[in-house]
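# Examination of the molecular architecture
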Amino acid sequence: MKITIASGKGGTGKTTLATNLSAYLAMNKKVVLADLDVEEPNSGLFIKGELVLEKACHKMIPQWVSDECVLCGKCEEVCNFNAIVKLSEEILVFPELCHSCYACSELCPTGSLPMMPQKMGALKHVKADNFDFVEGRLDLGEEQAVPLIGQVIDYVDEHFDDDVVKIFDAPPGTSCPVIEASRGSDFVVLVTEPTPFGLNDLKLAVGTMRVLKQKFGVVINRYGIGDASVEHYCEEEKIPLIAKIPNDRNIAELYAKGTLIYPEHAPFKAALDDMITFFGGFK
Amino acid sequence: MREIVVISGKGGTGKTSITASFAYLEKENCALGDCDVDAADMHLLLDADFNHQEDFYSGEVAFIDEDLCTNCGECKAVCRFDAIDVIDEQHRVDPISCEGCWYCSRVCPTEAISMKVQKAGDFYISSTKTGNKMAHAKLGFGAENSGKLVAKVKKEAKKLAETGQKEFLLIDGSPGTGCPVISSLSGADLAVLVTEATVSGLHDLKRVYELVKTFNIKAVCIINKFDLNAGVSEAIELFLAEEEIPMVAKLPYDETFTKALAQAQTIVEYGESGLSTKLEESWENIKVIVRNM
């Protein structure tokens, strides 16, 4: 089973939920947690373990080889992302604009733009006490998170069987990185808070999930601090409310330290039990 | 005109509440832009009127004309985004996977594939309750190109500031370090980094500051919830000192943030709390710094 933990609004508790659920569930199940928030990966701050693998991740970028090039300008013409410019005597490639579509490379009549790997980030695989943890980390200045997210998901799929529960910690928002982190999953858990911001961003996330035809449900974090509008919305829209995590400064303090919450906080642990029940014990 | 961008790396640190408070304090002397187009929220605190709306088009999606298509499979063979599949014996495009690169349409032997420009979202200019104008947007569900929509919001917000002869342009940035943030930052005079005293807050602050440095933009920092963890708070202050980033405010963990929000109010207008005074002081500090640049 694959579950993505996402949210429209940032800072609602995705990482807290993903790390705690993974550790708690791992007492009875095989679990792998993958941090797909590659722009700001935080799950690893809460997980201690042994590094099994660390490798560079690449995207494919055309590289101009001048020998055979006749400067016909076909490459510039077919690039829809303005990543290639033909000058009077050379071809310039702007890697940060390239989407790796291969059109310039494969449509070049002289084969003068072979695709070459260029580093965009790194992947790390850690064996924690009782579960596996995989993290993607985008290099700073890299604009496109989606290709790296895709590679991390592929790594998880290749290295873990279907009987392993796969939990994906998604980036915040509603655009391409979240879509990439959600679309292959069996279920998406949207974490929100009971405030006008939480509700507004939840509606955006729900809209995106519906476009993706994705199954999803809601967890309300910091329950009790705001109003009942998120609950009413879920009721009206017939969205399953999976669990409620109470508002409590102690949780914020445990999180601030970088420790797991559930061993020290019974109501939080109860919320995790609600989740596990909702998913039928992840059988 | 001075452009101030508020960013955070990590989400949920109080960035939008703080930006809206500054906007409330500065009243009509500033123009506003909400560049967190993925999850735009500032309009809720400032009672934006959505007075002007435009459709925002960006990015293209391939469309196969089934009458012309011979199902030769050439398009599927060249697509690097797995956006073309055969469903019911017909090649079809999955618009969400399509990157809009045109490769398929260029190689199609029967010219059956055309590219259609997509509506990526809505762009708005609003008047707010503080008397200032705000450029903001709503990204379409499942749409791409949020970086381009951010660029549009920034461009229009800048126009608002220039034509209105405002002293400040105040931008609410987006979380992360990728394309929306890079678009939010470009051309700014000052970055206000909002962080919180948690291990994640510190980690994300360091990363986003590395990015800010590459743009050669001066930064100041606000530590929110500084009293959640004394050790982390100290580590943040140490980092700021090392990097010579002025700290313009240290705010305690205070549920006023959420309570004001629930009333659709900025912190500075929501009754008396120690937070208001601290935010007023920090905005004055920021103005001094940016005026002396």
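Note on numbering: residues in each chain are counted from 1, in written sequence order. A letter from A marks each chain and a number from 1 marks each ligand, given out in the order of writing. Local features in this predicted model are restricted to residues whose pLDDT is 70 or higher, and side-chain atom pairs enter the listing and the counts only when it is 80 or higher, whereas totals over whole chains, interfaces and linings include all residues. The side-chain quantities take in all heavy atoms of the structure and omit both hydrogens and water.

### Quick look at the interface of chain B and chain A
Pairs of residues are marked as contacts when any of their non-hydrogen atoms sit within 4.5 Å. Chain B puts 61 residues into the contact, and the matching count from chain A is 56 residues. By buried area we mean how much accessible surface two parts lose on assembly, using a 1.4 Å probe and totalling the loss over both. In total, chain B and chain A occlude about 4,900 Å² of area from one another, counting both sides; carbon and sulfur atoms represent 57% of this. Among the residues of chain B in contact with chain A, Tyr103, Phe141 and Arg207 of chain B are the three that bury the most area, contributing 13% of the side total. Salt bridges are counted wherever a side-chain nitrogen of Lys or Arg sits within 4 Å of a carboxyl oxygen of Asp or Glu. Remark: the boundary between chain B and chain A carries four salt bridges. When the shortest N-O distance is used, the salt bridge between Glu106 of chain A and Arg80 of chain B registers 2.6 Å. Polar contact criterion, stated in full: a pair of N or O atoms within 3.5 Å, where within protein one must be able to donate a hydrogen and the other to accept it, and residues adjacent in sequence count only if both atoms are side-chain atoms. On inspection of chain B and its partner chain A, the count reaches 27 residue pairs in polar contact (both at pLDDT 80 or more). Per the convention used, a helix needs a DSSP run of H or I reaching at least four residues, while a strand needs a run of E reaching at least two, with both numbered from the N terminus. Elements with a contribution of two residues or more to the side of chain B that touches chain A: helix 1 (15-26), helix 2 (42-46), helix 4 (103-107), strand 7 (133-139), helix 6 (179-185), helix 7 (199-214) and helix 9 (256-262) of chain B. It is helix 7 of chain B that contributes the most residues to the side of chain B that touches chain A, eight residues altogether. Classes in brief: Ala, Val, Leu, Ile, Met, Phe, Trp, Tyr, Cys and Pro nonpolar; Asp, Glu, Lys and Arg charged; the others, Gly included, polar. Here the side of chain B that touches chain A is composed, by residue class, of 26 nonpolar, 19 polar and 16 charged.

### Observations regarding the domain arrangement of chain B
Domain annotation for chain B reports domain 1 (2-47 + 128-291) and domain 2 (59-119). For domain 1 of chain B versus domain 2 of chain B, the separation of C-alpha centres amounts to 41 Å. Marked domain ranges trace back to an automatic or database domain assignment.

### Details of the sheet that holds strand 2 (residues 31-35) of chain A
All names here are of chain A. By the convention used here, strands pair only if DSSP detects at least 2 bridges between them. Overall, mixed pairing links the nine strands, which are arranged 3-6-7-2-8-1-9-10-11 in an open sheet. Looking at which strands have only one partner, the edges of the open sheet turn out to be strand 3 (49-62) and strand 11 (241-246). For this sheet, the mean inter-axis angle between neighbouring strands, taken without regard to orientation, is 20°. One ladder, built from five bridges, connects strand 2 with strand 8 (residues 165-169); its direction is parallel. Paired with Val31 across the two strands is Val165, which belongs to strand 8. Note on geometry: axes are C-alpha line fits, over the in-contact stretch for helices, and angles between N-to-C directions span 0 to 180 degrees. Sheet strands in contact with helix 7 (residues 229-236) are strand 9 (187-192), strand 10 (216-223) and strand 11, and its direction is about 165° off that of strand 10.

### A look at the pairing of strand 7 (residues 132-138) of chain A
Residue and element names in this part refer to chain A. The rule is simple: take the accessible area with a 1.4 Å probe, protein chains only, and divide by the maximum for that residue type; under 20% is buried, over 50% is exposed, in between is partly exposed. In terms of burial, strand 7 is largely enclosed, as six of its seven residues are buried. The sheet contact formed by strand 2 and strand 7 spans four bridges and is parallel. Note that in strand 7 the partner of Leu33 across the bridge is Phe133. With seven bridges connecting them, strand 6 (residues 115-128) and strand 7 associate as antiparallel partners.

### Quick notes on the packing of aromatic side chains
Residues and elements named next belong to chain A. A pair of aromatic rings is counted whenever rings of Phe, Tyr or Trp (Trp by its six-membered ring) have centres within 6.5 Å, and the orientation is called stacked for planes under 30 degrees apart, edge-to-face for over 60 and tilted otherwise. Counted under the stated rule, the structure contains 10 aromatic pairs over all chains. With centroids separated by 5.3 Å and ring planes inclined at 20°, the aromatic side chains of Phe46 and Tyr255 adopt a geometry described as stacked. With Phe46 in the loop between strand 2 and strand 3 and Tyr255 in helix 8 (residues 249-257), this residue pair connects regions lying 209 residues apart in the sequence. There is no split in this pair, since Phe46 and Tyr255 are both buried. A centroid spacing of 5.0 Å and a plane angle of 85° characterise the contact between Phe187 and Phe279, whose relative ring orientation is edge-to-face. Placement of the pair is Phe187 in strand 9 and Phe279 in the segment after helix 9 (266-278), with a sequence separation of 92 residues. Judged by its relative accessible area of 9%, Phe187 is buried.

### A word on the side chain of Gln90 of chain B
Take Gln90 of chain B: it is sitting in strand 5 (residues 90-93). Here Gln90 of chain B is in contact with Ile64, Glu66, Cys69, Asn71 and Asp85 of chain B, once residues within four sequence places are set aside.

### Some points on the packing of helix 7 of chain B against helix 8 (residues 230-243) of chain B
All names here are of chain B. For the pair helix 7 and helix 8, interaxial distance at closest approach is 9 Å and the crossing angle is 15°. Taken together, helix 7 and helix 8 sit at an angle that is classed as roughly parallel. In terms of crossing hand, the pair formed by helix 7 and helix 8 is right-handed. Contact residues: helix 7 offers Val199, Leu202, Leu205, Lys206, Tyr209 and Lys213, while helix 8 offers Val232, Ala235, Ile236, Phe239, Leu240 and Glu243. The residue inventory of the contact of helix 7 with helix 8, partitioned by class, reads nine nonpolar, no polar and three charged. Here the word oblique covers every angle except those under 35 degrees (roughly parallel), over 145 (roughly antiparallel) and from 65 to 115 (roughly perpendicular). Handedness of each helix crossing follows the sense of rotation of the near helix against the far helix: counterclockwise by less than a right angle gives left-handed, clockwise gives right-handed.

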